[in-house]
Each structure stands twice: as C-alpha cells, then as structure tokens.
Amino acid sequence: QVQFVESGGGLVQPGGSLRLSCAASEFAFSSYAMTWFRQAHGKGLEWVSDITSTSDRTYYADFVKGRFTISRDNVKNILYLQMNDLKSEDTAVYYCANEESGSWENWGQGTQVTVSS
C-alpha cells in the first residue's frame, strides 16, 4: 500500500497563500484518485477536494472553490493543494488519502495550517 507525508503547512495571515504537498512512497500513486481532507481542532473531518488518477477531473467543496487548486505530478508521486485567499476558518490539519473502491484506507500524518493575523 502507498504511504503519504504531508508538508507545506504553517502560519499565514488572512488573504495569504500556502501550497501543501503530499508525497507518496510507492509507485502505485499514479493508480489512485487522491483526496484532501481537513480537520479543525476539536471538530469533525471534512472533505476538501478530489482529483482523478490522471488529473482529467477535479472536485472541490463549495467553501474552497475558486480559492484552492488541487493538482498532482504522477512522475514525482506528489499531490498538491494550492491554497489562496486563506481565511481563518481554513485553520485545520490537512490530510491526504488515496481513494480505493470508494473508501480511503491510506492516510498521511497531516500538516497544520493556521490562518491568523
């Protein structure tokens, strides 16, 4: 199975930008649709964005549409989330996971994004 390591999080002011990365350890990365989730402190997990295995389709939660862009590099085995116009409500731990048969079995450890002035 694939293993993931998220990176790129940090502290940013409202309106700022960050680019998150999710590095996969296995070549099979290119076989999977990929998903970004996030979880605010003490809150439930929420879906952020999906991308198909070949990047031909992308999907976004309404609260990030127009601000975030999901992409992937199947040669380098990296998933990205470009986050622009960040808001305080985007503060959360962001996780990546691969979709397999309609479920998400493999998760990274997450990267913290804090949006604050």
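Just so it is clear, the model here is predicted, and its values are computed rather than measured.

Draft legend 1. Layout of the sheet that holds strand β8 (residues 78-83). Read across the open sheet, the 4 strands follow the order β1-β3-β8-β7; overall the sheet is antiparallel. Both edges of this open sheet fall to β1 (4-7) and β7 (68-73), since each of them pairs with a single strand only. Neighbour to neighbour, the strand axes of the sheet diverge by 15° on average, direction disregarded.

Draft legend 2. Expanded view of the packing of aromatic side chains. Across all of its chains, the model carries 3 aromatic pairs by this definition. Ring plane angle 90° and centroid distance 5.4 Å describe the contact between F37 and W104, whose orientation is recorded as edge-to-face. Of this pair, F37 sits in strand β4 (residues 33-39) while W104 sits in strand β10 (residues 103-107); the two residues are 67 residues apart in sequence, bridging distant segments of the chain. Note on F37: relative accessible area 8%, which makes it buried. Each member of the aromatic cluster is reached from another via a ring pair, and the members are F37, Y95, W104 and W107.

Cut-offs and rules
- Residues numbered from 1 in each chain as written.
- Predicted model: local features only at pLDDT ≥ 70, side-chain atom pairs only at ≥ 80, totals over all residues.
- Heavy atoms only, no water.
- Pairing = 2+ DSSP bridges.
- Helix = DSSP H or I, 4+ residues; strand = E, 2+ residues; numbered from the N terminus.
- Axes fitted to C-alpha atoms, helices over the stretch in contact; angles between N-to-C directions.
- Phe/Tyr/Trp six-rings, centres within 6.5 Å; stacked < 30°, edge-to-face > 60°.
- Buried < 20%, exposed > 50% of the residue type's maximum accessible area, 1.4 Å probe, protein only.

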